[in-house]
Structures are given as structure tokens and as C-alpha cells.
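The chain contents come next:
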Amino acid sequence: MARTQIPTASYDRLLLLDSAGSPLSHIVIGSPEWYKWLQDEQHASFAYKSESGNFTARREQLRRGWYWYGYRKRENKLHKVYLGKSEELSLERLSLAARALSGQSLAQENLKRRQVVEELLTTIEPADKRAALDVSDEVASPHKDDVGGMVASNKYYLLSQLTPLVGRDQEAHEVAELLRATHVRLLTLTGTGGIGKTRLSLQVATELLNTFADGVYLVLLATVTVPRQVPIFIANALGLGEAGEGALVERLYAFLKEKRLLLILDNFEQVIAAAPQLVELLARCPQVKILVTSRAVLHVVGEQEYPVLPLPLPVQDQVDTQVLAQSAAVQLFVQRAQAVQPGFRLTAENAATIAAITRRLDGLPLAIELAAARMKVFSPQALLQRLEKRLPLLTSTTQDVPERQQTLSNTLDWSYDLLAPLEQRLFKRLSIFAGGCTLPMIEHLYASLEQALGIDQERSLLLDDLTSLIDKSLLSRVEQEDHEARFFMLEIIREYGLERLQQEEDVAEVQRAYAYYWQQQALMSEKDMDRHQDQEMWRIRLEHKNLRTALIWFAQQGQWDDALKLASALWWFWWAKGYIGEGRRTLEWLLSSAKEVSPFWYAKALSVTALMIVLQGEYKQAIALAEKSRVIFAELEQEFGQGMALWTIGHAYVMIGEGEQARTALEAAGALMRNKGHRWANAAVLERLASLARDEGDLEQALSLCEQSLAIHQQAGSTWGQARALWMLGLIHFSRADLLKSTLALEACIERAGRVGDRISISYASVLLGVLKGLYGDMQEGGALIEQGLQLARDLGDQRGMSWGLTLLGWSYALQGEYTRARECQEESLSLLAVTNYEYKSFVAYALDGLALAVVGQGYPAWAARLWGAAQAVRQGGRSVPAIPSTIQSIFSEFVQQARALLGEEPFKLAFAEGLTMTPSQVLQARSQAPLSLSSASIPNNEESHTAAPNSTVLAGLTTREIEVLRLLATGMTSAQIAEKLVISILTVNTHVRSIYSKLGVTSRSAATRYALEHKLLP
């Protein structure tokens, strides 16, 4: 009987035959007709022919449905390859299968089939992963003496990956190189749950398909709970038949003995006791290598550990979309968000928010993926707000992932349940530490609990339990030069630990012991300022979050004395580190909330609040609070407290130019605090008196007082104190026109301030040093230093520092002939000074002088004369407002002469005299006015016709530069394009953008653009 011919697919077409075998019609492969034909149950096979090779395709029924397989007989063996379901049989897949089954030499076949299988796997759907494991399985009957049986060619036991690996290129390369190295046989990828160990291992396996001639196999161990079953699961993955446990293990060793093969053992942490069996396997099978993924280190001979870390996070203040788009964490979020919301894109409006989301999630891939899935419901901003509590939100309804990975809590439950009871207890207690801790801190916590609870806390086991938590990826240890090593938890893990801690009976005692420990540390640091100031500065900086957490706990418990005691001990830290705003907000909150506070701690809190306020430039309010504090301290007969309050009062009077009141307060402060055991207090009084003498023009007295202050700080070894005294010394030498000594002092100030992180001193000193560099002729370096100091002030939110930087930057621009920029700087500086009603007279005078320089260059000689007159009025109105240093004054004189020449001597005098009668606000509004005694014809035409830049009081208080940036922003320019257009740095552009958003009360580019359109800023 004649054999029935089957349809033939040739290249891109299926040829249909009639009953006689004659051509009937054809169907294009990949067309709807093609897939309809495949799904017809009466069509069970077809032949495929192409340049890649020939094979026969057959439709077969398995438990989960119908699947197509390709067959070809070669060298007396029938070879088989998985094709997929009917809807998956594309022309590309048929071509790949033909290549896999083509008859070539064994070496060529192995190489090509690995590539083919890898490509096939990338297209397989999750529901078909089990079927995919049979790819390239040979169905010829095995020889009876072949231990491997039918798995002799099953070399690619891997799961397909449906999404690309993001941000792990370096790790994948490093792990692959380790596995290629001859000395590495057992490599363990460690890391907390959700870090991406399994995904990384599969990527590495794909890259190593050509390295291991006998295959790469994935062994899933998540469901294994009995360690002795691990070899059985390995054997099953290799396809070895059923047998007794002992016999099967021996067959496994025999099968692997000569094989050059890689085993990937996934989720090993719950069968960690099976690790010695891996060592035995490697010893008996010398060419086998093992890649393990585990939340815990195996601790066996020959193990090479490779910690998998969270994805790198974007920089905190970065707002440039192009830069943020390069962040792996941001890329992963966007990729997964697009999976649930195809139209989602990273934009200038949402980039910074998405970056903040990834930071909130510690760069943990699973957390990022779970959060991104919520984009179906939330906007990025709403999602960020809800992530204040991370765990409830980080859940998934995805059905094809293990239950332990469907919520972040499940993932962490898995890790927690693997801990011994004492390890669980330590894990929960360590979660109370915000920002990490050291071993002595942990020991102190346990000792306190032992005393409070009267129960042995088994402290002798702490080191072992601590090591175990590190090994199990719930804790990390970071070395710190010259400091104790610190132990950290990811914030997500810490949040989970805190939830567990809340369920414990002794949670209140743990919190109490923690809070009182940090209160004690803060008080000791304040006391040790003279002896160990540098050390205490760094230590408190490291414990900033812990101190804040303890303070909040005291407040929540209504323990107001304890809260104020802790907060008021941190004044020096807030000052030195530039956290003035935080200090003020904290103290004002406590003072407004506190009830039944003891007079002493109330008075100290008032005094420290006044100090924070005076450092922010609000002098009159600071004086009132400090005086209230002084009165209470006097009633309590606390001399040192009175002295601190008087120091703050004296400092405020220095800043507003009230010399007599300043001197009286400072001298009284010095008398009260002298010989009280605080050398820093005496030095601080001398430094303020030096500043007062400089303002009054007694430069030699100022120099003497400042040198005495510096000497005290040097004797005490106080680096921060030296930095502050050196800043004042540099300013005094600048006023004395000794530029070399001023430069040396300022450079020394920056060096010492850098050692302790005193950003305020660095900011002020950098600005003045920049001016000096400019006077030496290096305008480029000088400008860079000024901008660096100004940016620091902006970062700190220091308005007085910003005004200082802007004023001196404006001077620099004016001296370079860049009058528009100079004017913008001075107008912005004066707008900042206006917030405090121009109380800081010396800066007001400097800024008015600087603005006069700029407007002379722009052709406004009459307005310049008025500005100089107003600056002089400010100096005369204050009893101790410093004049322009002689070095600068000689340069300024050239601008004065230019104004006189443009305007004429008499009109100049009249305009100057008019300025003497004006307040700063009035003179800033007077730019279009002529001197009262002149006719309009007497004023140069260029001044009448010149259109001034928008006033800073218009358009929500935007400066001229900010308006310019807003215009360009509204046209769609990126930060980089704006920077290029305005010839400024991207950092400066981003600073302007943040300021614009803040002043306009908007949070997005589109809202800012709408504002620009409404106010007709676009051409």
C-alpha cells in the first residue's frame, strides 16, 4: 500500500497536496491561515525543508495539552526538539529547530545547538516551561550500560527568562569569570530575599553554555526541606531514573564523574545542612562545578562567596532626566511599570519622584518590581507617599511566581523562619537601630535589658548570633576607618523587623533602653566638646538617625523633659553640620507641644532655639527668645546658662550692627562662662568680639582677639573651633588688605572644616577665597570657588550664606564686565535680605554697593549713585557696619568715577544725596527716576530708554536668572541644553529649577510651563 504523503513546508510556505499527491494550494507560514491549519485536529504532521535543515513536525498530546515536536533521524538515532504550541510556530522558530537538528560534526552541533536552544528558550511562555525542559532531548533507545540513559544529550535544563536582566551586567561578567577560573568549583551567590540571585544565576548560565561541554542544569530546591533529599533532586534534574536513595546517589556520582558540567542549585538556604554533600560530589566529580543561590553562606571548604548587592541608587538631589534614565534601579522600575501600563514613560515631571521611590525601596529588585506593578492604580507621587509604609503595598497577584515572592512580607517571612529563636530575638532588637549600630551599642542594649527585665539575655551568644544574621543576608557589616565597624539593615528589612518587634512582650523595655542610651550619648558628647570634639563630631554624625528616633520616642511617650534634654544637647552638632533648620524645627515643635516641663530644660531649649534662629539671620526674634531664657536661668542661678543666652544676644547685635549692645552682652557672657570648664565658650566670646572690632574698623584689636580665640581652640585640639576662628582671621586679614595672610587663613579654614564636615565654614570661606583668587588674576578658579560656596549654602538652606555668596559672585562678575549676571546676583541677594527686613546691615550695604557696580556698567549712573548713597545710609544707621575693604574699594572707585563722568559731578552728588534718604526698598524701586533737581533732558538717553530686568518682587519673587531659566524650560529644553545656552553648569540649572518650583508652588515642568504661558513669558 502506497505511503500517504504529508504536507511540506518549504522556506516560508506550506504546500498542500491532493489525494493523488499533486500540488493543490499553499499557505504563507505565519499568516492567520497558517495558524488555523495547525490548530485543525486532523492535521497531525508536516515536513519542513530549508537551507537550515530538514525535519518532520508532529503534533502530540501531553497532560497539559497539544504540542508540536520536530524529529530527524541522524546517525541511526532519532533526534527530537520541542517546537511549542500551534500559536507559537513562527517561521523563525521552525528555522531554529532545523538548525538544531541539522547533521554536522559533534563539536559544531554542540556549539550551534547551545545557541539555538538559548534563542528558543527566550520565546517560551511560562505555562510551557516544563515542556521546554525537554528541548534537544534525544529519544533513541539508550544502551543498557549507559548510566545517563536518555539524558545523555539533555544539556540545557534551564528556565526561559521573559524579561531582560537590568543593571547586573558587571555582576554577571564577574560571576561568569569566577566560574571559568580553575580554582573556583563551588560559588555561592548570597543576598537577602528579592535581591535577584536566581535571575542573575540564570543569566550567568546562559553566558556559560559554551563553556561546559556536558551542559548546564538548574535544580530548584525551594520545595525541599530535608537536606538528604538534595542529591535526589539533582539526580532528577539530570533525568536519572527512580532508584533507592543510596543507589541513586551512587548512580549520580558515576554519571557525573567524567562530565564537564555546571549545576545551579537555587534556594539552598533551607537545606544548608546538605552543604557537605556538595563538597563530596565535587571531590568525586572533578570536572563538575556548582553555582549556589542562597540567603546564607554555606561555610564549607572550597566555597567562594559572591554577595549580590541592591541595585545602585540614583544620587539624592539629581533631577536631570537623562542622568536618572541611566540608573539601573530607575530602568527596572520603568520596565516593570510599562508591563502594566504600556504608555508609561520616564519624563522630566516624574523622573525625580521615581528616583525617590527606588531609594525608598533600597534598590531591592523585588521591591521595585512589586511597587512598579502598582502604577496601574497610582501616580508616581501618590505611590511615593504611600511608601511611607512599604510592606503593605508591596504585594503581587502574579500567579506564576512562588508564593514566597508574591509579597515582600512573604519573602522576609521565609528568611525569618530559617532563624533560630535567639537569632530571631536579636534580629528584632537590631531593627530598632536607625542608621546602623556597633557591637558596643548592641552589648549595652542587652545589658540594659538584662537589668530592666531581670532575665539573663545570653550575651555570650551575641557574637555567634550576629555572625549568623550576616551570613543569612539580613545584616551587613561595614568597616569604618578609625571607627568601630557598623552593622546595617536595609530599611525594608528594618521595617519588617520593627513589625515583628511590636509583637513582643518586651518591646517597651527595648524602646526605653534604646532611647535612654542615645540621650546619655548626646549629653556625654556635649560635655566632651573640649576634650574630644573631633571624635564626638563624627560619632554624632553617624548616629544622627538614631538620635532623631530616640527623640521622637520620648515625645510620643509624653516624656518632655527627656525629649528637651536630648534635643538641647545637640545644638553644637546642628550648628557644625549645618542642620540649622532641623534643629530649629525640632525645638519649636517640642516647645509648642511640651507640657509640665522643668524650668531648667525649658530655659535651655529656649536658648538653643534662639541660637538656631540667630544662625538663620532672624536677629530680633532670636534676641527676644534668648532674653526670655536668660531671665529663667537667672532665677535658677545658673550662670553658664545665662552666659550662653547672652552670647546669642551679643552675636545677634553684632550682626545687625548694634555695637554697644553687642559688646555689653558679650562681655557679660564671657564673665559668666569663664572658669566653668568650657574653653570653647571663652573662645567663642573672643571670636565674636573680634568680629565686632572688625566691623567698627579697629582691625588690630580684631586681629588680637581672633588670634587669642584660635590659640584656645588649638590648645584644646578643637578642629571645628579652629575652622571658625580661621574663617574670621581670614576675613580680618582681607579687611587689612593683607591678601596673602587672608588666603592662607581661609585655606586652613577649609581644610579643618572639611575634616569635621563643617559645611557652613567651608561655604563662607570658599566664597571669600574665590574673590581673593580673582584679585590675583585667576578669575576662572575664583569663580568656581565662589559658586562652590554658594551651592553649599543653597544645599544647607542658609539664606545668609546664599546672600554672602551671591553678593561676592556679583562683585566678581562686575569686575569681569558681566554686568547682567552681576545685577542678577545682587538682586537675588537683596531679595533674600528683604525677608528679614534688611536687618543684616553689613550684607545689605555690600549688596547695594555691588548692584551699583552692575548698573553703572549697564548705563544707569543716576541709579548707581542713589544705590551708593543708600549703602552709605545703611552704614551710618548701624554703629558697627564695616566699610568696603580698602583693596576692593580702590577697584570700586573706578566705577564711581565712571558714574561721575557719565552723569556729571553735580547730578551725581544730588543723586547720591537722594540715596542717603532712601531705605533699601525705596532705592531698589528708584532705578527709572531722575534726581529730583534735574530735568529729564539732563539724564543720559541710555538710562531713560533702557528696559530693566523684571523686578524680583514680580512673578512670585523670581530672580532675573530664574525667569530666564523658566522661559527656556517652558520651551522644552533639557537641563543640559539650558546650561549650554546660558553658559552655566547643569548643577546650577537644576538649582534654579528647584527654586522656581518652590517659589511657584508647583512640582512639575508642565505646571511651570503653564505659569510661563499665563504670565506671557514666552515670545
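All values derive from a computational prediction rather than experimental measurement.

Here we look at the nonpolar core
Core analysis: the biggest nonpolar cluster contains 244 residues, and Phe-333, Leu-408, Leu-430, Trp-571, Trp-727, Trp-804 and Trp-868 have the highest contact counts within it. If you tally residues by element for this core, the top one is helix α38 (residues 841–857), at 12 residues. If we ignore the near neighbours within four places in the chain, the residues touching Trp-804 are Trp-727, Leu-731, Tyr-764, Val-767, Leu-768, Phe-843 and Tyr-846.

Topic: the packing of aromatic side chains
Aromatic ring pairs are described here by two measures, namely the spacing of the ring centres and the angle between the planes. Scanning all chains against the criterion turns up 36 aromatic pairs. For the pair Tyr-67 and Tyr-82, a centre-to-centre distance of 6.0 Å together with 45° between the ring planes defines the contact as tilted. Placement of the pair is Tyr-67 in strand β6 (residues 65–74) and Tyr-82 in strand β7 (residues 77–84), with a sequence separation of 15 residues. The exposure class of Tyr-67 is buried, given its relative accessible area of 1%. By relative accessible area, Tyr-82 is classed as buried at 2%. When the centroid spacing of 5.6 Å and the interplanar angle of 70° are considered together, the rings of Tyr-69 and Tyr-82 count as edge-to-face. Residue Tyr-69 is found in strand β6, and its partner Tyr-82 is found in strand β7; the two are separated by 13 residues along the sequence. Lying across the ring of Trp-66, Arg-59 places its NZ or CZ 4.6 Å from the centre. For the cation-ring pair, Arg-429 lies above Tyr-446, with the distance from its terminal atom to the ring centre recorded as 4.9 Å.

Describing helix α27 (residues 619–635)
With 17 residues, α27 extends 24 Å between its outermost C-alpha atoms, agreeing within 8% with the 24 Å of an ideal straight helix rising 1.5 Å per residue. Among all positions in α27, only Tyr-619, Ala-622, Ile-623, Leu-625, Ala-626, Ser-629, Ile-632 and Phe-633 are buried. In this structure, the buried side of α27 is in contact with α26 (599–615), α28 (639–655) and α36 (799–815).

Section: the packing of helix α29 (residues 659–673) against helix α30 (residues 679–695)
Pairs of packed helices are described in terms of their axes, by the angle between the two and the distance that separates them. At a minimum axis distance of 9 Å, the contact between α29 and α30 shows a crossing angle of 165°. The angle between α29 and α30 falls in the class roughly antiparallel. As for how α29 packs across α30, the hand of that crossing is left-handed. In contact with Gly-659, Ala-662, Arg-663, Leu-666, Ala-669, Gly-670 and Met-673 of α29, α30 contributes Ala-681, Asn-682, Val-685, Arg-688, Leu-689 and Leu-692.

Thoughts on the pairing of strand β5 (residues 53–62)
Looking at chain direction, strand β4 (residues 45–50) and β5 are connected through 6 bridges and run antiparallel. Across the sheet, Tyr-48 pairs through a bridge with Phe-55, a residue of β5. Two strands pair when backbone bridges link them, and β5 and β6 are joined in this way by 7 bridges, in the antiparallel orientation. Bridging from a neighbouring strand, Gln-61 pairs with Trp-66 of β6.

Notes on the packing of α26 against α28
Interhelical geometry of α26 versus α28 gives an angle of 20° and a closest axis separation of 9 Å. Considering their axes alone, α26 and α28 lie roughly parallel with respect to each other. Both α26 and α28 take part in a crossing whose hand is left-handed. Mapping the contact onto sequence places Ser-607, Ala-610, Leu-611, Val-614 and Leu-615 in α26 and Met-644, Ala-645, Trp-647, Thr-648, His-651 and Ala-652 in α28. By residue class, the composition of the contact of α26 with α28 is 8 nonpolar, 3 polar and no charged.

Section: the confidence of the model for the protein chain
One rule of thumb: low pLDDT means the predicted coordinates there are not for detailed reading. Model confidence for the protein chain is summarised by a mean pLDDT of 83, while 86% of its residues fall at 70 or above. Of the regions scoring below 50 in pLDDT, residues 929–954 engages in 48 contacts with residues more than four places distant in sequence or in other chains.

Things to note about the environment of Leu-15
With respect to the secondary-structure elements, Leu-15 resides in strand β2 (residues 13–17). Separated by 31 residues in the primary sequence, Leu-15 and Phe-46 place their C-alpha atoms 9.6 Å from one another.

Calculation rules
- Residues numbered from 1 in each chain as written.
- Predicted model: local features only at pLDDT ≥ 70, side-chain atom pairs only at ≥ 80, totals over all residues.
- Heavy atoms only, no water.
- Core = buried A, V, L, I, M, F, W, Y, C linked by side-chain atoms within 4.5 Å.
- Buried < 20%, exposed > 50% of the residue type's maximum accessible area, 1.4 Å probe, protein only.
- Helix = DSSP H or I, 4+ residues; strand = E, 2+ residues; numbered from the N terminus.
- Contact = heavy atoms within 4.5 Å.
- Phe/Tyr/Trp six-rings, centres within 6.5 Å; stacked < 30°, edge-to-face > 60°.
- Lys NZ or Arg CZ within 6 Å of the ring centre and 35° of its normal.
- Expected span 1.5 Å × (residues − 1).
- Axes fitted to C-alpha atoms, helices over the stretch in contact; angles between N-to-C directions.
- Parallel < 35°, antiparallel > 145°, perpendicular 65-115°, else oblique.
- Left-handed = near helix turned anticlockwise from the far one by under 90°.
- Pairing = 2+ DSSP bridges.
- Nonpolar A, V, L, I, M, F, W, Y, C, P; charged D, E, K, R; others polar.
- pLDDT = per-residue confidence, 0-100.

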